[in-house]
Amino acid sequence: MVEFGRTLTTMVQDEWKPHAVAYNSLKHALVNEENAPTKDCDYSHANSTHHITDKQIASYFRLYDESVDRLSAFYEERSIWAEETGT
């Protein structure tokens with residue numbers, strides 16, 4: 001699961017990348033310096049005392065909403081294209 005962001009970035013077609021979920025940005029929105037992964041640990045939830053602040057939650061959901069809007073617009077555009085081309 002640690003490699004998910006890298007795999008997602010690699011697998012998404014270049015022309016679709018501007019419309020993809022901002023996975024890495026979402027992940028980083030929930031990490032602060034106090035909870036940042038260490039050299040020995042690759043993911044941010046290893047620390048059982050992990051605390052997410054209200055500011056981090058607001059930032060996460062702002063990025064989430066932006067991703068949903070981008071994806072919705074992309075799929076709407078693709079749907080219209082498919083209808084017009086008969087694909």
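For the structure itself, look to the data block above.
Summarised in this report is the structure supplied together with it. (Residues numbered from 1 in each chain as written. Predicted model: local features only at pLDDT ≥ 70, side-chain atom pairs only at ≥ 80, totals over all residues. Heavy atoms only, no water.)

Let us look at the packing of aromatic side chains. All chains considered together, the criterion is met by 3 aromatic pairs. Judged by centre distance (6.1 Å) and plane angle (75 degrees), the ring pair of F61 and Y64 falls under edge-to-face. With F61 and Y64 both in helix α3 (residues 54-85) and 3 residues apart, this pair spans about one turn of that helix. On the basis of relative accessible area, F61 is assigned to the partly exposed category, the value being 44%. Put simply, the rings of Y60, F61 and Y64 pair up and form one aromatic cluster. In this arrangement the basic side chain of R78 is found over the ring face of W81, its NZ or CZ atom lying 5.1 Å from the centre. (Phe/Tyr/Trp six-rings, centres within 6.5 Å; stacked < 30°, edge-to-face > 60°. Helix = DSSP H or I, 4+ residues; strand = E, 2+ residues; numbered from the N terminus. Buried < 20%, exposed > 50% of the residue type's maximum accessible area, 1.4 Å probe, protein only. Lys NZ or Arg CZ within 6 Å of the ring centre and 35° of its normal.)

Tallied over the entire structure, the rule returns 2 salt bridges. For the salt bridge of E66 with R62, the shortest nitrogen-to-oxygen distance reads 3.2 Å. One end of the pair is E66 and the other is R62, both in helix α3 and 4 residues apart, which spans about a single turn. Taking the relative accessible area as the measure of exposure, E66 reaches 36% and is therefore partly exposed. The partner of E77 in a salt bridge is R78, with the nearest N and O atoms 3.8 Å apart. (Salt bridge = Lys/Arg side-chain N within 4 Å of Asp/Glu carboxyl O.)

The next thing to look at is the environment of V21. Inspection of the secondary structure assignment puts V21 in the loop between α1 (4-11) and α2 (23-29). Expressed as a C-alpha distance, the spacing of V21 and V68, which sit 47 residues apart in the sequence, is 7.5 Å.

To continue, consider the side chain of S67. Of note, S67 is situated in helix α3. In this structure S67 comes out as buried when scored by relative accessible area, which is 2%. Polar contacts involving the side chain of S67 include one to the side chain of R70, which spans 3.1 Å. If sequence neighbours within four positions are ignored, S67 has contacts with V21 and A22. (Polar contact = N/O pair within 3.5 Å; in protein donor to acceptor, adjacent residues only side chain to side chain. Contact = heavy atoms within 4.5 Å.)

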